[in-house]
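# Results of the structural survey
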Amino acid sequence: MFESTFTWNDLQFILQGAWVTILLTVVSMIIGTLAGVVCGMARALLPRSTIPLAWLLDVFRSVPLLIQFVLFNALKSIVGLNWSAFAVACVVLGLYVTAYCTEIVRSGVLSVPLTLRRASRSLGLTYWQDLRQIVMPMATRVAFPGWINLLLGVMKDTALVMWIGIVELLRASQTIVTRIQEPLLVLCIAGLIYYVMSLVVARLGARLETRWQEND
Amino acid sequence: MIEIDNVHKSFGELEVIKGVSLQVKKGEVVSIIGGSGSGKSTLLMCINGLESIKSGSIRVDGTEVHARGTDINKLRQKIGIVFQQWNAFPHLTVLENVMLAPRTVLGKSKAEAEALAVKQLTHVGLGDKLKVFPGKLSGGQQQRMAIARALAMSPDYMLFDEATSALDPQLVGEVLDTMRMLAEDGMTMILVTHEIRFARDVSDRVAFFRNGLVHEIGTPDQVIGNPQRPETADFLRSIN
């Protein structure tokens, strides 16, 4: 009753898809986190003059990711950019992560009490030394759980890149489902792989958090 | 020497300091007493440039605090300040809290900064808490750590902004003892305080602030023992 036509090759195909998922997640998280830290600090420290930035980033937070992929892909053709689908995916996901990460970083920076910053400035630290030594380490602790959430969310959102022709974990699974007609088995396998990848991230995050919390 | 000359300070419409003048000489301990909203804490913040002023001038050893060309970070190195909320940096150990400024601001080596920090922390009675995070300390211990942190910069002046007001009553004594020790070591100090008996004990002069002005100033025996103005007497009666 447990006979299946699912082969070793199929599993390899799915794992290759998982690798693409990981690559997309890592690249877009790196782009989005770097940009998000810069934008988030700017939003927190210069709230007035960065309001236009907030409007812009709101677009990327508000429009469904699928529409962003399709629109950007069409734009690419219109402008005549010779980018691979993977590059398009990284840019769109990167902007998407930037938009969310900006808010995460902003709330982290704003959580640092002003009195603590006064205390560090009163010791003679400059504006930048205070940011580096006091604000950023403290903001990181506050922002970190939100950032892990974002990472886990993005890992699953990468599945939408199938619409611009990239074969990642979910798309690879669907291809096999179409061929061997065993959706339950294949989707369970794909789901398990997502679960394991998420679990690793969540566990690493939790371990780091506990280490910080021991100090409080 | 700290020279405060006809300083005015407003928060928006509200004028909190309305022309205060005060000189504090090297080695002198001056206490500022007065009701809340009398501008006494704000004045301390103005002295090391954490708050701007509207007019007048504040000079520390001849350097104009609020002048454009003044290197305020340099100036702050010689003015230590201890806040009502002790403001421990929660992500650093007690030792690291005290080492931070000597390392970052003065560029001392790790070993030098550590030796300095250990000395100051031992001085305030926290020699056995070096590797502990501030969250594990009592308020009194955190406040003593804040004092050590300020002292590690070898300041010429120490400002105390109601350093014991946020503490549980049984913890006030240990912090006052530390402050008394500093005063006896000859540190120049300005204390904003509600501890009238302590102010009388350690101060060379006491200033009573009222409505953003120095209402009465003199020796502790004059101002606290025998106030000349009725408002001063009323205030002293009200807090006893």
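Residues numbered from 1 in each chain as written. Chains lettered and ligands numbered in written order. Predicted model: local features only at pLDDT ≥ 70, side-chain atom pairs only at ≥ 80, totals over all residues.

If you check an unreviewed UniProt entry, chain B appears there as Amino acid ABC transporter ATP-binding protein from Pseudomonas petrae. Under Sequence similarities (unreviewed entry), UniProt gives the following word-for-word description of chain B: "Belongs to the ABC transporter superfamily." Note on chain B: under the UniProt heading Subcellular location (unreviewed entry), the record states "Cell inner membrane". (UniProt positions renumbered as here; feature names shortened; annotations may be inferred.)

As recorded in an unreviewed UniProt entry, chain A goes by Amino acid ABC transporter permease and comes from Pseudomonas petrae. Its UniProt record, at the heading Sequence similarities (unreviewed entry), says of chain A: "Belongs to the binding-protein-dependent transport system permease family. HisMQ subfamily."

What follows deals with the overall build of chain B. Assigned secondary structure in chain B consists of 9 helices and 10 strands. Relative to the 2.2 N^0.38 estimate, which gives 18 Å for 240 residues, the radius of gyration of chain B is 18 Å and therefore close to what a compact globule would have. Relative to its 240 residues, chain B shows a buried fraction of 47%. Looking at chain B alone, contacts between residues at least 24 apart form 63% of all its contacts between residues at least 6 apart. (Helix = DSSP H or I, 4+ residues; strand = E, 2+ residues; numbered from the N terminus. Rg over C-alpha atoms; globule rule 2.2 N^0.38 Å. Buried ≥ 20, exposed ≤ 12 C-beta atoms within 10 Å, placed from the backbone. Contact = placed C-beta atoms within 7 Å.)

On a plain count of helices and strands, chain A comes out with 8 helices and 0 strands. Reading chain A from its N terminus to its C terminus gives the helix and strand order α-α-α-α-α-α-α-α. Summarising its shape, the C-alpha atoms of chain A cover approximately 75 × 50 × 25 Å along the three principal directions. By the burial criterion, 34% of the 216 residues in chain A qualify as buried. The long-range fraction of contacts in chain A, counting pairs at least 24 apart against all pairs at least 6 apart in sequence, stands at 79%.

With that out of the way, let us pick up the UniProt feature "domain: ABC transporter" (unreviewed entry) in chain B. UniProt feature "domain: ABC transporter" (unreviewed entry): in the numbering of this structure it lies at residues 2-236 of chain B. Spanning residues 2-236 of chain B, this segment combines 37% helix with 26% strand, and its end C-alpha atoms are found 27 Å apart.

In this section: helix H3 (residues 94-104) of chain B. Of all the 11 residues making up H3 of chain B, 8 are buried; the element is thus mostly covered by neighbouring parts of the structure. All buried positions along H3 of chain B are accounted for by Val94, Leu95, Asn97, Val98, Met99, Leu100, Ala101 and Pro102 of chain B. On its buried face, H3 of chain B is in contact with helix H6 (127-157) of chain A together with helix H4 (110-123) and helix H5 (139-151) of chain B.

Here we take up the interface of chain A and chain B. The parts lose accessible area when they come together, and the size of an interface is often stated as this lost area. Taken together, the contact pairs 18 residues of chain A with 20 residues of chain B. Among the secondary structure elements, those contributing two or more residues to the side of chain A that touches chain B are helix H5 (114-122) and H6 of chain A. A per-class count over the side of chain A that touches chain B returns 7 nonpolar, 7 polar and 4 charged. (Nonpolar A, V, L, I, M, F, W, Y, C, P; charged D, E, K, R; others polar.)

Strand pairing in a sheet is mediated by backbone hydrogen bonds. Such pairs are either parallel or antiparallel. Residue and element names in this part refer to chain B. Ordered by their spatial adjacency, 4 strands build an open sheet running E2-E1-E4-E5, and the pairing between neighbours is antiparallel. At either margin of the open sheet sits one strand with a lone partner, and together these are strand E2 (14-24) and strand E5 (63-64). Pairing between strand E1 (residues 2-11) and E2: 8 bridges, direction antiparallel. Looking at E2, one finds that isoleucine 2 is bridged to valine 24. (Pairing = 2+ DSSP bridges.)

Moving on, we come to the sheet that holds strand E6 (residues 79-82) of chain B. Residue and element names in this part refer to chain B. The 6 strands lie next to each other as E6-E7-E8-E3-E9-E10, forming an open sheet whose pairing is mixed. Both edges of this open sheet fall to E6 and strand E10 (213-218), since each of them pairs with a single strand only. Between one strand and the next, the sheet's axes are offset by a mean angle of 20 degrees, whatever the strand orientation. Packing against the sheet, H5 makes contact with E6 and strand E7 (157-161), and its axis sits at approximately 170 degrees to E6. (Axes fitted to C-alpha atoms, helices over the stretch in contact; angles between N-to-C directions.)

Another aspect to go through is the UniProt feature "transmembrane region" (unreviewed entry) in chain A. Residues and elements named next belong to chain A. When the UniProt feature table is mapped onto this chain, "transmembrane region" (unreviewed entry) is found at residues 20-46, 53-75, 81-101, 142-164 and 184-206. The span residues 20-46 is 96% helix and 0% strand, and its two end C-alpha atoms sit 38 Å from each other. In the segment residues 184-206, helix accounts for 100% and strand for 0%; the C-alpha atoms at its two ends are 32 Å apart.

Time to look at the pairing of E7 of chain B. All names here are of chain B. Within E7, 5 of the 5 residues are buried, leaving the element largely enclosed by the surrounding structure. Residues Tyr157, Leu159 and Asp161 line one face of E7 and the alternating positions Met158 and Phe160 line the opposite face, and both faces are buried. By the bridge criterion, 4 bridges tie E6 to E7 in an arrangement that is parallel. Residue isoleucine 79 lies in a different strand from E7, and its bridge partner there is tyrosine 157. Of the strand pairs in this sheet, E7 and strand E8 (residues 188-192) are connected by 5 bridges, and their pairing is parallel. Paired with leucine 159 across the bridge in E8 is isoleucine 190. Each parallel crossover has a hand, and the one from E7 via helix H6 (residues 169-184) to E8 is right-handed. (Right-handed = clockwise from strand over helix to strand, strands pointing away.)

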